[in-house]
Amino acid sequence: SQQGEEDPQALSIQEGENATMNCSYKTSINNLQWYRQNSGRGLVHLILIRSNEREKHSGRLRVTLDTSKKSSSLLITASRAADTASYFCATDPGSSNTGKLIFGQGTTLQVKP
Amino acid sequence: NAGVMQNPRHLVRRRGQEARLRCSPMKGHSHVYWYRQLPEEGLKFMVYLQKENIIDESGMPKERFSAEFPKEGPSILRIQQVVRGDSAAYFCASSPTLRDSCIFGDGTRLSIL
């Protein structure tokens, strides 16, 4: 079954606005990670948040984690056209001891200049 | 320090042929993962390997697919007797330890004619 469910599936905003993407998951986790994928490229790791953390910042990125609701959000502030990409959340399940990740379907973000 | 290198970037095969996808992990990374991405979908875990060992192949189809990570040389994902449904992007990722975030390659896009 799909571990990560993301919404919205697609998001279109103007440059300078904030973008918020949400991710829900089903099982316990060791950590949750967010990745960006530009068209035709591999995934770029953005941020990792452990199950005992609630919020993490990295530059213009802010990630929150609510383990009671099994959900996470990624906020990109002051968006730029270069932020246009697909964004995926991925969980490292608590039941796994292999480091394998379970990915959501992704949110496609378009930032208009 | 080169990232995760995958080759070829694009591979075209006819139905029934064999496809061999190569992945050289980052220097110092001993954990290798293969994922498959179908169009408009997230990545699906296939297999996790360490040098000369397959640790978790729970995501890999039982038939036609095999993976190896020899003592010397790159990791290989091999698909025998390819079918149209094997068309996808195949990504390799590596990490130095189990709980570190993974570095992804740019993928191999496999097209089956």
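Up top you'll find the structure we're talking about.
So, how was this worked out
- Numbers given to residues run from 1 along each chain, matching the order in which its sequence is written.
- Here every chain gets a letter starting at A, and every ligand a number starting at 1, in the order they are written.
- With the structure being a predicted model, the display of local features is reserved for residues of pLDDT at least 70 and the display and counting of side-chain atom pairs for 80 or more, all residues being used for whole-chain, interface and lining totals.
- In computing side-chain values, all of the structure's heavy atoms are included and hydrogens and water are not.
- The set of buried Ala, Val, Leu, Ile, Met, Phe, Trp, Tyr and Cys residues whose side-chain atoms join them within 4.5 Å is what this entry labels a nonpolar core.
- When accessible area is computed with a 1.4 Å probe and restricted to protein chains, residues below 20% of their type maximum are described as buried, those above 50% as exposed, and intermediate ones as partly exposed.
- Runs of H or I in DSSP of at least four residues are treated as helices and runs of E of at least two as strands, each being numbered from the N terminus.
- Pairs of residues are marked as contacts when any of their non-hydrogen atoms sit within 4.5 Å.
- Summed over both partners, buried area is the accessible surface (1.4 Å probe) that two parts give up on being assembled.
- Salt bridge criterion: a side-chain nitrogen from Lys or Arg within 4 Å of a carboxyl oxygen from Asp or Glu.
- Geometry of aromatic contacts follows a simple scheme: Phe, Tyr and Trp rings, the Trp one being its six-membered ring, pair when their centres are within 6.5 Å, and the pair is stacked under 30 degrees between planes, edge-to-face over 60, tilted otherwise.

*Asks:* Go over the nonpolar core with me, naming the residues and quoting the values.
*Replies:* Residue and element names in this part refer to chain B. Trp 34, Met 46, Leu 77 and Tyr 90 are the most contacted members of the largest nonpolar core, which has 23 residues in total. Of all the secondary structure elements, the ones that give two or more residues to this core are strand S3 (19–24), strand S4 (31–37), strand S5 (43–50), strand S7 (65–68), strand S8 (75–79), strand S9 (88–95) and strand S11 (108–112). Not counting the four nearest positions on each side in its chain, Tyr 90 is found in contact with Gln 6, Leu 21, Tyr 35, Arg 36, Met 46, Phe 65, Leu 77, Ile 79, Gly 107, Thr 108 and Leu 110.

*Asks:* Tell me what's going on with the interface of chain B and chain A, and back it up with residues and numbers.
*Replies:* Of the residues lining the interface, 21 residues belong to chain B; the matching set on chain A comes to 23 residues. Per-residue buried area on chain B facing chain A is highest for Leu 43, Arg 99 and Phe 104 of chain B; these three make up 31% of the total on that side. The salt bridge partner of Lys 100 of chain A is Asp 56 of chain B, with a shortest N-O separation of 3.2 Å. Of all elements in the fold, only S4 and S5 of chain B reach the threshold of two or more residues within the side of chain B that touches chain A. Considering every element that reaches the side of chain B that touches chain A, the biggest residue donor is S5 of chain B, with four residues.

*Asks:* Would you mind going over the packing of aromatic side chains in detail, with residue names and values included?
*Replies:* Per the counting criterion, the structure on display carries seven aromatic pairs over all chains. Taken together, a centroid distance of 5.3 Å and an interplanar angle of 80° make the contact between Tyr 35 of chain A and Phe 104 of chain B edge-to-face. Taken together, the positions of Tyr 35 of chain A in strand S4 (residues 29–37) and Phe 104 of chain B in strand S10 (residues 103–104) put the pair across two chains. By the burial criterion, Tyr 35 of chain A is buried, and Phe 104 of chain B matches it. With a centroid separation of 6.1 Å and 80° between ring planes, the pair formed by Phe 103 of chain A and Phe 104 of chain B is classed as edge-to-face. With Phe 103 of chain A in strand S10 (residues 102–103) and Phe 104 of chain B in strand S10, this pair bridges two chains. Phe 103 of chain A sits in the buried class, given a relative accessible area of 2%. The exposure class assigned to Phe 104 of chain B is buried, which follows from its relative accessible area of 8%. Here a set of aromatic residues connected by ring pairs shows up, and it is made of Tyr 35 and Phe 103 of chain A together with Tyr 35, Phe 45 and Phe 104 of chain B.

The values are spatial; any link to function lies outside them.
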